[in-house]
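Coordinate analysis (summary)
The lines below spell out each chain.
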Amino acid sequence: MGGNLIDQHVSKKELFGHPAGLYVLFLTEMWERFSYYGMRAILVLYLVSETTGENHGLGWTNAEALQLYGWYTMLVYFMSIPGGFIADKYLGQKKSVLIGGIILTAGHAILAYEEVWAFYTGLLLIISGVGMLKPNISTMVGGLYQKGDIRRDQGFTIFYIGINVGAFLAAIIVGYVGENIGWHYGFGLAGIGMALGLLVYYFGQPYLEHVGNFIGNSKSAKDKEALKKPLTRIEKDRMIVLFISFLLVIIFWGAYEQAGGLLNLYALEKTDRHFLGWVVPASWFQSLAAFFIIVIGTAVAKFWAKRKLKGKKASSIFKMLTGLIVMGTGFLFMSAASIQYENSGSSAMYWLVLAYLFHTLGELSVSPVALSFITKLAPVRYASIMMGIYFAMTGLGNKLAGLLGESASNYGEFTIFTGIAVFCISFGLVVMLFMKKLEKLTHGAEDNEHVIEE
Ligand code: GLN
């Protein structure tokens, strides 16, 4: 079974019950996501703003802006494939993250200039920078834990909370600065956030000594063997189960990512947002998912870890299928909201709150779990590329979400919401029938996860 990422040496320094390096990666990714989601929050608004006036934009139509947005969010994740490939083949994850951070800082800084060339150059740099950073920093989290360490999944959830702290602050702060002070100040602020992330990463290197190193030039016989060997049958099986789980990932994000599109518009146009004599801004609902993740993240991770320690079913496949079903169920609240809208001309806010709560409960059993799962299953020489492919699949899910959202204007919201719910729930249940078979393909990669005593 040699050659798995998790067999690498592991740094000993600990903080709050986890390797100290986790917090370096947490803060780096928090700032990276701050810059990504901050810029994303104002991108479309900037594109459609009039070309004249105080805070002028590019004067595009809504359709043009949404099209660029769709391609942008897809490409950002697709570039994780070359990003992962470069890490596996040439640089290792640690250096790739550093280079990605530098490219990202440059990209966001260039966007602060009010020039058309700067705009496109900035976008291209951000797409490449995320591709270098995002998959590789995620793989590094896995490298912090030994094989069989029960804390690995929890570590990924903590890392995921960092992502959402960044996303939560970004929507509020960068959104405010962009809209009220100037788009380019907003872009610049995103750049400052990324620069801070880069600094944290740079100065946090001592805590990452043993993680994410390039093993292509390694002198150790074990590393050499891991690199040269063709895939064994066990490794092949594990790759197969990973690819099957990626299908679930596309479906999950295709449904979940209605948040920024269809659910966003639903909040704006069809929801009664009056609350104690005040109207809740529609955009606030966009922060709800990140907020819930920060609040319930550790509880969900603990729940699964406890189940596992008690010997109850808690494999990654089971968690991910459960997550898909729970998230799908969230859409039933939106079906109820559409019925209420049909009957009374508006729907209540609590439907959206419930939907987002279920979406995040589901997300916490899918997204960090999938990241962790990849680091358990991928052979070390393909660890980053597998992570890259995973993110590309989430990009595909994003694009699918856009297409689904658009079709609501033909079919109506009720049909789309209910259709998504029924599809996700039945897909989850049907695949559960084959769960034993899928688990077998992992060849015990998740057996004996326990508390590791030093
Ligand atoms: N929201 C998460 C993040 O930004 C997951 C995104 C994804 O997997 N596409 O990391």
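Everything numeric in this text was worked out from a predicted model, so none of it was measured.

What follows covers the overall build of the protein. When helices and strands are tallied, the protein shows 16 helices and four strands. Its C-alpha radius of gyration of 22 Å places the protein within 12% of the 22 Å reference for a compact globule of 454 residues. Here the C-alpha coordinates of the protein stretch approximately 65 × 50 × 35 Å along the principal axes. The 454 residues of the protein split such that 56% are buried. Across the protein, the fraction of contacts at a sequence separation of at least 24, relative to all contacts at a separation of at least 6, is 82%.

This part covers helix α12 (residues 316-344). Compared with an ideal rise of 1.5 Å per residue, which puts 29 residues at 42 Å, α12 spans 43 Å between its outermost C-alpha atoms and is within 8% of the ideal. Two residues or fewer past α12, Gly345 is found with a positive phi of approximately 85 degrees.

A grouping of Ile192, Leu196, Leu199, Tyr202 and Phe203 is seen on the molecular surface, where their side chains present a nonpolar patch of about 550 Å² in accessible area. Assignment of secondary structure puts Ile192 in helix α7 (residues 183-203).

According to the stated counting rule, one finds 29 aromatic pairs in the structure shown. Members of the aromatic cluster, connected to one another through ring pairs, are Tyr36, Tyr37, Tyr72, Tyr77, Phe243, Phe246, Tyr390 and Phe391.

On to the pattern of salt bridges. For the structure on display, the rule yields 14 salt bridges. Linking Lys313 and Glu439 is a salt bridge whose minimum nitrogen-to-oxygen distance equals 3.0 Å. Residue Lys313 is found in the loop between α11 (285-309) and α12, and its partner Glu439 is found in helix α16 (residues 435-441); the two are separated by 126 residues along the sequence. With a relative accessible area of 18%, Glu439 lands in the buried category. As a salt-bridge pair, Glu446 and Lys376 come within 2.7 Å of each other at their nearest N and O atoms. Here the residue Glu446 occupies a position in the segment after α16, and Lys376 occupies one in helix α13 (residues 349-377), the gap between them amounting to 70 residues. Each member of the pair Glu446 and Lys376 is classed as buried.

Looking now at unusual backbone geometry. You will see that Phe16, though not glycine, has its phi angle at about 45 degrees, which is positive. Assignment of secondary structure puts Phe16 in the loop between β1 (14-15) and β2 (18-19). Non-glycine residue His443 carries a positive phi angle of around 50 degrees. On the secondary structure map, His443 appears in the segment after α16. Of the residues examined, His443 reaches a relative accessible area of 26% and is grouped as partly exposed.

Bringing the site of the ligand into the picture now. Around the ligand, the neighbouring residues are Arg33, Tyr37, Tyr77, Lys134, Tyr160, Ile163, Trp253, Phe391 and Thr394. Within the contact set of the ligand, an oxygen atom lies 2.9 Å away from a side-chain nitrogen or oxygen of Arg33. Compared with its free state, where it exposes 290 Å², the ligand has 95% of that area covered by protein. Of all the secondary structure elements, the ones that give two or more residues to the shell around the ligand are α1 (21-48), α6 (151-180) and α14 (383-411).

Time to look at the nonpolar core. Counting residues in hydrophobic clusters, the biggest one holds 120 residues, and the most contacted among them are Leu25, Tyr72, Tyr356 and Tyr390. Among the elements that take part in this core, α1 stands out by supplying 14 residues, more than any other.

Attention shifts here to the packing of helix α10 (residues 262-270) against α12. At a minimum axis separation of 13 Å, α10 and α12 run at an interaxial angle of 25 degrees. As summarised for this structure, α10 and α12 are arranged roughly parallel, according to the angle between their axes. α10 and α12 meet at a crossing whose hand is left-handed. Judged by residue contacts, Leu263, Tyr266 and Lys270 of α10 engage Met334, Ala337, Ser338 and Tyr341 from α12. When its residues are assigned to classes, the contact of α10 with α12 shows five nonpolar, one polar and one charged.

On to the packing of α1 against α7, then. Put simply, α1 and α7 touch, their axes get as near as 8 Å, and they point 165 degrees apart. As summarised for this structure, α1 and α7 are arranged roughly antiparallel, according to the angle between their axes. Crossing of α1 against α7: the hand is left-handed. For the pair α1 and α7, the contacting residues are Val24, Leu25, Leu27, Thr28, Trp31, Glu32, Phe34, Ser35, Met39, Ile42, Leu45 and Tyr46 in the first and Trp183, His184, Gly186, Phe187, Leu189, Ala190, Gly193, Met194, Leu196, Gly197, Val200 and Tyr201 in the second. Counted by class, the contact of α1 with α7 contains 17 nonpolar, six polar and one charged residues.

Here the focus is the side chain of Glu363. Examined against the element boundaries, Glu363 turns out to sit in helix α13. Despite being buried, Glu363 has no salt bridge partner; Lys134 is the closest side chain of opposite charge, sitting 9.0 Å away. Separated by 2.5 Å, the side chains of Glu363 and Tyr160 make a polar contact. Those residues within four positions of Glu363 in sequence are excluded, and the remaining contacts are Tyr160, Phe252, Trp253, Tyr256, Ile293 and Pro368.

Tracing the chain through its elements places Trp304 in helix α11. Residue Trp304 is classed as buried on the basis of its relative accessible area, which comes to 6%. Ignoring any residue separated from it by four or fewer positions in sequence, one finds Trp304 in contact with Lys313, Ala314, Phe318, Lys319, Thr322 and Ser365.

About the cut-offs
- Residues numbered from 1 in each chain as written.
- Predicted model: local features only at pLDDT ≥ 70, side-chain atom pairs only at ≥ 80, totals over all residues.
- Heavy atoms only, no water.
- Helix = DSSP H or I, 4+ residues; strand = E, 2+ residues; numbered from the N terminus.
- Rg over C-alpha atoms; globule rule 2.2 N^0.38 Å.
- Buried < 20%, exposed > 50% of the residue type's maximum accessible area, 1.4 Å probe, protein only.
- Contact = heavy atoms within 4.5 Å.
- Expected span 1.5 Å × (residues − 1).
- Patch = residues over 30% accessible without salt bridge, like charges linked within 9 Å, V, L, I, M, F, W, Y side chains within 5 Å.
- Areas by Shrake-Rupley, 256 points an atom, 1.4 Å probe, with all protein chains shown as cover.
- Salt bridge = Lys/Arg side-chain N within 4 Å of Asp/Glu carboxyl O.
- Phe/Tyr/Trp six-rings, centres within 6.5 Å; stacked < 30°, edge-to-face > 60°.
- Near = heavy atom within 4 Å.
- Polar contact = N/O pair within 3.5 Å; in protein donor to acceptor, adjacent residues only side chain to side chain.
- Core = buried A, V, L, I, M, F, W, Y, C linked by side-chain atoms within 4.5 Å.
- Axes fitted to C-alpha atoms, helices over the stretch in contact; angles between N-to-C directions.
- Parallel < 35°, antiparallel > 145°, perpendicular 65-115°, else oblique.
- Left-handed = near helix turned anticlockwise from the far one by under 90°.
- Nonpolar A, V, L, I, M, F, W, Y, C, P; charged D, E, K, R; others polar.
- Lys, Arg positive; Asp, Glu negative; His and termini not counted.

The values reported here are purely geometric and, on their own, carry no functional implication.
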